[in-house]
Amino acid sequence: MHVFVTGASGWIGSHTVDELLATGHTVTGLARSDASAAALESRGAAVLRGDLDDLDALRRGAEGADGVLHLANKHDWGNPAATNASERAAVETLGSALAGSDRPLVVASGVAGLASG
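Parameters and conventions
- Residues numbered from 1 in each chain as written.
- Predicted model: local features only at pLDDT ≥ 70, side-chain atom pairs only at ≥ 80, totals over all residues.
- Heavy atoms only, no water.
- Helix = DSSP H or I, 4+ residues; strand = E, 2+ residues; numbered from the N terminus.
- Expected span 1.5 Å × (residues − 1).
- Buried < 20%, exposed > 50% of the residue type's maximum accessible area, 1.4 Å probe, protein only.
- Arc of directions from axis to C-beta.
- Contact = heavy atoms within 4.5 Å.

**Section: helix H1 (residues 11-22)**
For an α-helix the count is 3.6 residues per turn, leaving residues at separations of three or four pointing the same way.
So, step 1. Look at H1: 17 Å from first C-alpha to last across 12 residues, which is about the 16 Å you get at 1.5 Å a residue.
So, step 2. Among the residues making up H1, those that are buried are Gly13, Ser14, Val17 and Leu20. Seen along its axis, H1 keeps its buried residues to an arc of 130 degrees; they face one direction. Opposite its buried face, H1 presents the exposed residues Trp11, Glu19 and Ala22, each directed more than 90 degrees away.
So, step 3. Residues of H1 that are buried in the fold lie against strand S1 (2-6), strand S2 (26-31), helix H2 (34-42) and strand S4 (67-70).
So, step 4. Phi turns positive one or two residues past the end of H1, at Gly24, with a value near 95 degrees.

Quick look at the structure:
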């Protein structure tokens, strides 16, 4: 299976990419930086350069994959509204790229945005 992974060089994503590759899957990881791209390539993953605000890249990654793992987050605690807007747009873009297919979209998310009570 060819899996597109956002957050592929992050805490959850790096371990997930290793597991996917070890079990025979092919992986394309979204990479914002040269360092992230190099880390992914050194482990055997293909790289798609972009970030969560690059909706065209997200769409291309999803359209070319058998499934998508969305594990990225901007973690901009100084501007949670912008982070939430980027996250929503990313999930909507990935979902629309997979709509009407039997290809899965798995989303990992934190609970930092929950209000007390």
